[in-house]
Amino acid sequence: MSVVDQTGARASTRHRGSEALPPLVSLLLAGVAGWVMDLGHPDVNLWPLTLVGASLMIFAARGLSVPFSLLVGALGGFSYYGIHIWWLTVYLGPVPWIALTIAQTAFFALGFVLLTLAWRWVPALWPTPVGRVGMVPTVLASIWLLRESISAVWPSGGFNWARLAHSQSETPLTHLVAWVGPGVFSFILAWLAAGAVALWLEYRLARASRAVLALGIVTTLVVWPAFPTPISDHLRVAAIQGNADAGLFAQYERGDNLRDHHRVTQRLYGEDVDVVVWPENASDIDPLRDDMAAAVADEVVREMAAPLVVGAITRSGDETFNSVLLWEEDGRGGSGATDQYDKIHPVPFAEYLPWRDLIYPLAPDLFDLVPRDYSFGSRDTVFSIDEHTAGIAICYDIVDDAIFAQMMDEGADIIFAPTNNADFGRTDQSVQQLAIARLRAVELGRSVVNISTVGTSAVITPDGDTLDQLPTYTEGYMIESVPIATHSTPAALWGKQLEWWLMALGLSALAIAGFARRQWLN
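Residues numbered from 1 in each chain as written. Predicted model: local features only at pLDDT ≥ 70, side-chain atom pairs only at ≥ 80, totals over all residues. Heavy atoms only, no water.

(A) Summary view of the pairing of strand β11 (residues 466–470). Bridge count for strand β10 (residues 457–460) against β11 is 4 bridges, and the pairing is antiparallel. Its bridge partner being in β11, A458 is matched across the sheet by Q469. Between β10 and the antiparallel strand that follows it, β11, lie 5 residues; G464 among them carries a positive phi value of about 90°. (Pairing = 2+ DSSP bridges. Helix = DSSP H or I, 4+ residues; strand = E, 2+ residues; numbered from the N terminus.)

(B) Examining the packing of helix α6 (residues 94–125) against helix α16 (residues 490–521) more closely. For the pair α6 and α16, interaxial distance at closest approach is 8 Å and the crossing angle is 65°. Like other packed secondary-structure pairs, α6 and α16 cross with a definite hand, here left-handed. In contact with L114, L117, A118, R120, W121, V122, A124 and L125 of α6, α16 contributes L510, I512, A513, G514, A516, R517 and W520. In terms of residue class, the contact of α6 with α16 is made up of 12 nonpolar, 1 polar and 2 charged. (Axes fitted to C-alpha atoms, helices over the stretch in contact; angles between N-to-C directions. Left-handed = near helix turned anticlockwise from the far one by under 90°. Contact = heavy atoms within 4.5 Å. Nonpolar A, V, L, I, M, F, W, Y, C, P; charged D, E, K, R; others polar.)

(C) Spatial organisation of the sheet that holds strand β7 (residues 388–392). Ordered by their spatial adjacency, 6 strands build an open sheet running β6-β7-β8-β9-β10-β11, and the pairing between neighbours is mixed. Unpaired on one side and paired on the other, β6 (382–385) and β11 mark the two borders of the sheet. Across the sheet, the mean angle separating the axes of adjacent strands is 20° when strand polarity is ignored. Relative to β7, β6 runs antiparallel, the two being bridged by 4 bridges. Residue pairing for β7: I385 is matched across the bridge by H388.

(D) Representation of the packing of aromatic side chains within the structure. Across all of its chains, the model carries 14 aromatic pairs by this definition. With a centroid separation of 6.2 Å and 85° between ring planes, the pair formed by F107 and W154 is classed as edge-to-face. Residue F107 is found in helix α6, and its partner W154 is found in the loop between α7 (129–153) and α8 (177–201); the two are separated by 47 residues along the sequence. For W154, a relative accessible area of 55% puts it in the exposed group. Taken together, the ring pairs connect W87, F159, W161, Y396 and F424 into an aromatic cluster. (Phe/Tyr/Trp six-rings, centres within 6.5 Å; stacked < 30°, edge-to-face > 60°. Buried < 20%, exposed > 50% of the residue type's maximum accessible area, 1.4 Å probe, protein only.)

(E) Inspection of the sheet that holds strand β4 (residues 319–329) at higher detail. Taking strand neighbours across the sheet as the criterion, the 6 strands line up as β5-β4-β3-β2-β1-β12 in an open arrangement whose pairing is mixed. Looking at strand neighbours, the two that pair on one side only are β5 (335–342) and β12 (476–484), the edges of this open sheet. Averaged over all neighbouring strand pairs, the angle between strand axes comes to 40°, with direction disregarded. In terms of strand pairing, strand β1 (residues 233–241) meets strand β2 (residues 275–277) through 3 bridges, oriented parallel. Among the inter-strand pairings, A239 is bridged to a residue of β2, identified as V277. Sitting on the sheet, helix α10 (residues 256–266) is in contact with β1, β2 and β12, with an inclination near 130° to β1.

(F) Structural view of the pattern of salt bridges. Inspection of every chain in the model, using the stated rule, returns 17 salt bridges. With its nearest N and O atoms 3.8 Å apart, the salt bridge here joins R438 to E170. Placement of the pair is R438 in helix α15 (residues 429–444) and E170 in the loop between α7 and α8, with a sequence separation of 268 residues. In this structure, D260 engages R263 in a salt bridge whose closest nitrogen and oxygen atoms are separated by 3.3 Å. Of this pair, D260 and R263 both sit in helix α10, separated by 3 residues, roughly a single helical turn. On the basis of relative accessibility, which here comes to 14%, the residue D260 falls in the buried class. A relative accessible area of 37% places R263 in the partly exposed class. (Salt bridge = Lys/Arg side-chain N within 4 Å of Asp/Glu carboxyl O.)

Spelled out as structure tokens, the structure:
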């Protein structure tokens, strides 16, 4: 067969996946898809809609030119992220929201181009029904995973928010994250979305056959057994939500945060607990450098007969850290800080300003909101409490895969996640963060105590159930016997390696398909 004949044969195998929608329809579909994807996340929490939105987004990528694909992808990305992180505007105004949304939109648009190329190249290389409904969705899903993974770590630590996985923290599919981790869980969700599109386009298969195949795949994933979470012990935890006015522009006096959390804790004096946990920056006066703040911590430890885990801003020489302290009896009749975790990855443009000398002159009024640069911590991520090991994750740490991998390597059998959500008002930011914390609990098989200054605060068990929860913007406390687990989930053991293999598989398949197409055309 001649090259011309081969090209013609390949062209004859094309199916509806290579056909472009009218330009305006593609743009409209991508814009709507971003909005629908967000509806699956908390606070609306209609979780199937995230899969529907992802299917619409993947469908909109078919048959486009590369320049137009960039435009359609940019609109879809801006719609999704612009809606999803609208909470940034509450106190900080539109500029940080626009900047972060545009940055994520750029990643989304580039990933969208790869989706378009996959629709164009992969079916030609694997033209059989198995290739079109098996290989094509696999490549599309791996591209989605690649885009999420890169934007999660780069630049300046990335923005690992709004993964597909984060929409599925309380669904029939949640248990899968313990087997594969959040990255591969996103891959599975994208694969379901792409597979739905591929099956709908595969008109050569009978509708009944396609329906049975789809139902079989979904049923298999739903009934796949949850990874067992054996409980070895319990830790009685008192977690305090002081309802402190701890936002960036809050009008409060020095020490108000400390007093708010102290006042709530005083109601519990005499309770039998193993540890008291306060949120991020609950002590707005550093007890390492202030006698009054230290005296309050001493009192809590003495009256509760238990160690105190407390967030504070600390100093060491010229460096400033966002820290959590373990305050407990020192064995000499007194008490003090016996351990400290300093936030390893401060949040860029919030806790430090990357390239300050270069970019500060561009918008001094805006960047004055970041008056100091927190240093990067280098301590370990765990505290020893009553013969147990508590992993510490401060606020945005909750999305950092590397930090959780480190704390599991360091032996964490329970996770404390102190946070301060006061800058985001009554938006859905705090419930989005709690959903991520819930996924971490299931992923790692560890209870998570998510305690905030203003909410949403909750205690999550290793199987993702809510043991207790506090209403937002209400002072209160949770006292619970929190399950302790020491097993290792498959996600903790090899989830990240599987993520890398899937990305490599997708990129390799796309490259091979592109090379083969070039050879045929030549």
